[in-house]
Amino acid sequence: MGNEISFPRQHARTQRFTLGAPRTFTVAPDGSRVLFLRIASATSRANGLWELDTTTGAERLLVDPAVLLTSGEENLPPEERARRERSREQAAGIVAYATDKAARVASFALSGRLFVADLESGSARELPTSGGVIDPRVDPTGARVAYVSGGVLRVADLTSGSDVALASPDADDVTWGVAEFVAAEEMSRYRGYWWSPDGTRVLAARVDNSPVQRWYIADPANPATPATEIAYPAAGTPNASVSLSVLSLDGSAVPVPLEFDYLNSVHWSGGGDPLLTVQSRDQKTVRILALSPDTGAVAELVTETDAQWVEVAAGAPAWTPDGRLVRIVTEDDEYRLKVGDDVVSGDGLQVRSVLDVADDSVLITASAGDSTQMHVYSIGSSVARLSDSDGVHSAVRGGDVVVLSSSTMDHFGARVTVSTGHVVASHAETPVLTPAVRLLTLGERGLRAALLLPTGHVPGTKLPVLLDPYGGPHAQRVLSARNAYLVSQWLADQGFAVLVADGRGTPGRGPAWEREIAFDFAGATLEDQVDALHAAAALEPDLDLSRVAIRGWSYGGYLSALAVLRRPDVFHAGIAGAPVTDWRLYDTHYTERYLGHPDERPEVYDGNSLLADADKLSRPLMIIHGLADDNVVAAHTLRLSNALLAAGRPHTVLPLSGVTHMTPQEQVAENLLLLQVDFLKRSLA
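What counts, and at which threshold
Residues numbered from 1 in each chain as written. Predicted model: local features only at pLDDT ≥ 70, side-chain atom pairs only at ≥ 80, totals over all residues. Heavy atoms only, no water. 1 Å grid on protein atoms, 1.4 Å probe; cavity = no way out; pocket = protein on both sides within 12 Å on 5 of 7 lines; lining within 4 Å. Points joined across faces, edges and corners; volume = space filled by probe spheres on them. Nonpolar A, V, L, I, M, F, W, Y, C, P; charged D, E, K, R; others polar. Salt bridge = Lys/Arg side-chain N within 4 Å of Asp/Glu carboxyl O. Helix = DSSP H or I, 4+ residues; strand = E, 2+ residues; numbered from the N terminus. Buried < 20%, exposed > 50% of the residue type's maximum accessible area, 1.4 Å probe, protein only. Axes fitted to C-alpha atoms, helices over the stretch in contact; angles between N-to-C directions. Parallel < 35°, antiparallel > 145°, perpendicular 65-115°, else oblique. Left-handed = near helix turned anticlockwise from the far one by under 90°. Contact = heavy atoms within 4.5 Å. Pairing = 2+ DSSP bridges. UniProt positions renumbered as here; feature names shortened; annotations may be inferred. Domains from an automatic or database assignment. Buried area = accessible area lost by both parts, 1.4 Å probe. Polar contact = N/O pair within 3.5 Å; in protein donor to acceptor, adjacent residues only side chain to side chain. Core = buried A, V, L, I, M, F, W, Y, C linked by side-chain atoms within 4.5 Å.

Participant: Would you mind showing me how to read empty space enclosed by the protein here?
Facilitator: Empty space among the atoms becomes apparent when a probe as large as a water molecule is rolled across them. For the structure shown, the criterion picks out 2 cavities of 30 Å³ or more. Empty space within the largest cavity amounts to approximately 80 Å³. Residue lining of the largest cavity: Glu180, Phe181, Val182, Asn209, Val212, Pro233, Asn239, Ala240, Val242, Asp261 and Tyr262, and that is the complete set. Its residues assigned to classes, the lining of the largest cavity comprises 7 nonpolar, 2 polar and 2 charged. In this structure, the second largest cavity encloses a volume near 40 Å³. Every residue along the wall of the second largest cavity is listed here: Ser371, Arg448, Gln476, Val478, Asp502, Thr506, Pro507, Arg509 and Trp513. Residue composition of the lining of the second largest cavity, grouped by class: 3 nonpolar, 3 polar and 3 charged.

Participant: I keep staring at the pattern of salt bridges and nothing clicks. Help me out?
Facilitator: Two side chains of opposite charge can pair, provided their charged atoms sit close to one another. According to the stated counting rule, one finds 49 salt bridges in the structure shown. In this structure, Glu429 and Arg13 form a salt bridge, with 2.5 Å as the shortest nitrogen-oxygen distance. You can see Glu429 sitting in the loop between β36 (423–424) and β37 (437–442) and its partner Arg13 sitting in helix α1 (residues 7–13), a full 416 residues away along the chain. What makes Arg13 partly exposed here is its relative accessible area of 26%.

Participant: Help me out: how do you make sense of the packing of helix α5 (residues 486–493) against helix α12 (residues 666–684) in this one?
Facilitator: When two helices pack together, their arrangement is given by the angle between the helix axes and by the axis-to-axis distance. Packing of α5 against α12 brings their axes to within 11 Å, and their N-to-C directions diverge by 40°. In this view, α5 runs oblique relative to α12, as classed from their interaxial angle. α12 is crossed by α5, and the crossing has right-handed handedness. For the pair α5 and α12, contact is made by Val487, Trp490 and Leu491 and by Leu673, Leu674 and Val677, respectively. Here the residues of the contact of α5 with α12 are counted per class, giving 6 nonpolar, no polar and no charged.

Participant: Got a minute to help me understand the sheet that holds strand β13 (residues 163–167) in this structure?
Facilitator: By definition, the strands of a sheet pair up through backbone hydrogen bonds, in either a parallel or an antiparallel sense. Pairing is antiparallel across the open sheet formed by 4 strands, whose spatial order is β10-β11-β12-β13. Looking along the sheet, the strands with just one partner apiece sit at the ends: β10 (134–138) and β13. Direction aside, the axes of adjacent strands within the sheet are offset by 25° on average. Two elements, strand β11 (residues 144–149) and strand β12 (residues 152–157), share 6 bridges in a ladder whose sense is antiparallel. Counterpart to Val148 in the pairing with β12 is Leu153.

Participant: What is the right way to read the UniProt feature "domain: Dipeptidylpeptidase IV N-terminal" (unreviewed entry) in the protein chain from this model?
Facilitator: As annotated in UniProt, the feature "domain: Dipeptidylpeptidase IV N-terminal" (unreviewed entry) corresponds to residues 109–394 in the numbering used here. Along residues 109–394, the helical share is 2% and the strand share 48%, with 26 Å between the first and last C-alpha atoms.

Participant: Whenever I open this one, the domain arrangement of the protein chain confuses me. Can you help?
Facilitator: Size of an interface, as often reported, equals the accessible area lost when the parts are brought together. Assigned domains of the protein chain: these are domain 1 (169–185 + 198–306) and domain 2 (437–684). The C-alpha-based centres of domain 1 and domain 2 are spaced at 33 Å. If you look at the interface, domain 1 gives 23 residues, while domain 2 gives 22 residues. Regarding the contact of domain 1 and domain 2, the summed buried area is about 1700 Å², with carbon and sulfur atoms giving 51% of it. Broken down residue by residue, the surface that domain 1 buries against domain 2 is led by Tyr232, Ala235 and Gln283, which jointly contribute 29%. Counting across the interface, domain 1 meets domain 2 through 2 salt bridges. Between Arg515 and Asp306 there is a salt bridge, and its shortest N-O distance comes to 3.2 Å. At the boundary of domain 1 and domain 2, one finds 14 residue pairs in polar contact (both at pLDDT 80 or more).

Participant: What should I look at first to understand the nonpolar core in this one?
Facilitator: Across soluble globular proteins, nonpolar side chains have a tendency to be buried as a group. Leu499, Phe521, Phe571 and Trp583 are the most contacted members of the largest nonpolar core, which has 72 residues in total. Broken down by element, the residue count for this core peaks at 10 residues, all from helix α7 (residues 521–539). Residue contributions to this core reach at least three from each of two domains, namely domain 1 (169–185 + 198–306) and domain 2 (437–684). Other than its neighbours up to four places away in sequence, Phe571 contacts Leu467, Leu526, Val530, Val548, Ile550, Ala563, Val564 and Arg619. Among the nonpolar cores identified, the runner-up in size contains 29 residues, and Leu433, Leu452, Leu491 and Ile575 belong to it.

Participant: Sorry if this is basic, but what is going on with the sheet that holds strand β6 (residues 98–99) here?
Facilitator: Pairing in this open sheet of 4 strands is antiparallel, and the strands run β6-β7-β8-β9 from one edge to the other. Of all strands in the sheet, those bounded by a partner on one side alone are β6 and β9 (123–127). Note that strand β8 (residues 113–118) and β9 share 5 bridges and pair antiparallel. When the sheet's bridge partners are listed, Phe115 is paired in β9 with Glu126.

Participant: How do you make sense of the packing of α7 against helix α8 (residues 555–566) when you look at a structure like this?
Facilitator: Where α7 contacts α8, the two axes come as close as 10 Å, and the packing angle between them is 80°. As far as their axial angle goes, α8 and α7 are roughly perpendicular. Contacts between α7 and α8 involve Phe521, Ala522, Thr525, Leu526 and Gln529 from the first element and Tyr555, Tyr558, Leu559, Leu562, Ala563 and Arg566 from the second. Its residues assigned to classes, the contact of α7 with α8 shows 8 nonpolar, 2 polar and 1 charged.

See the structure below:
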């Protein structure tokens, strides 16, 4: 394509250049085939299910959603829309699938309908259901598929066609087999049931939302539409009540008499009994338990404690096939891999996640001294790095075949390679601009940062500075990956020096670094942005510190508003997108981890709130918020705006009707960028 399209339109139309890129890989256990999802073109939205032959490299479209959905329109159940909001899923078609152990049968939902596919023939068929379907999962033997519909956990037999309810709600606020809000939003646990390895039983979560307070999200642009009721567990308020049962296909059930505040993860494979990870409300204690599916009894394997919080590990704990426990432990300010009784990852690696566990090795991602890079390692009798180039890498494995996904500074998007020598093709569009990024290490804390100047910048020309952070826990912005800086480069090309900095609390630099933000969002994260700015200006004399702005979304929106309220001597304008303004309005699991319980530490919540600072505003501030946001609800922006108005402080509020916490539709997303640039230029003039 040519340069006739603007970057903002291209960025919005391609959903940040993700459309057309291959994703969601599964390698057959014998290594013969790789399954994946991909959209046929960069501007289509409907994923199909594809297969790559690892010997020949030939690709085959197994399931085309356009063939199955003859109407061309999707009609998603409300539960599926909520699930996609939690997982930030914006594509259409087949967005998730599950296979049996041999990867011969796949199940998936399409427009709320249930389908199964024979992966050898490539044929797919619909199974009749009485309602909208979410999260269908074929059992490991390939004989049955479980799914959730209307809060009922059901199982359909693929041979006989019988369809039975394994568990049904006993009250209006109860669901079976669905992850509760905080599990999906904050723990990355998006499922609520797990098949046994032999396909005869299901371990299922019963979620009772009746204790959770109710909030109501209206659509002011359509006053005839009733408000949507949501169960939102704000900090200090009750969570959903979650319990477990082992359900057999004959209709019998074994309850698990276990009380816990949070269910972090479940792992059930051939290596042993189901593994449960549970967490206390204050998150200072995590217990790893082995569950007897016959009796419901649990045995405590490990208890981990921390004075601040115990980190929830991705992909762990798990069993090796021979029954050893795999987990990520904290030792000497490093996250390390432990298998059985032995720490096997060695010094110098910050283990980020467990990807796969095999007989002789464990596949992990880890950072080695540079948080901007994540590499894939195979750890067995020795430690071998599988990713060669500098960048951000991940992988899946089946048998001896590894599929490596690599994002680097040298190419756009992720390059997916198979260890047999083949490449999985990407149909993603090529951006109309190429970022020119300087990765920096700044200040006494060694803050990782990226600096971008306008294309063709003439040295000696002073530039207004735009900070473009996220800046909080759980997420990094400074990565050795080109696509991470596309928007920042476009902003730079509008005449700014753009600085992206990761401060204390961001992942990749060890437990102590992450815990420096405990009880102090406002102080630590803002101080690091200021320090990064001044250190960058010392290196690059063209940064004009008399014209400094900051923009961000979500935590970055909080940080942007905080910056202009508390440091107007440094920041001269701010754009706060979907900001948290009062942490009492944000969810339990995230907020209480870092700030404690609001009843026990009210002064911490007051000190990290923006509302009391409203009368300090002396700089231009634009606040943007989607009115349909059920994660950071619009009340955050409305309460801050009300406080600013009461203090007589001029500000701009841009409400987005029908928009959630995710990037909005194409035209709105494009114009949002253009409006932000216009605001910044006027404010810094």
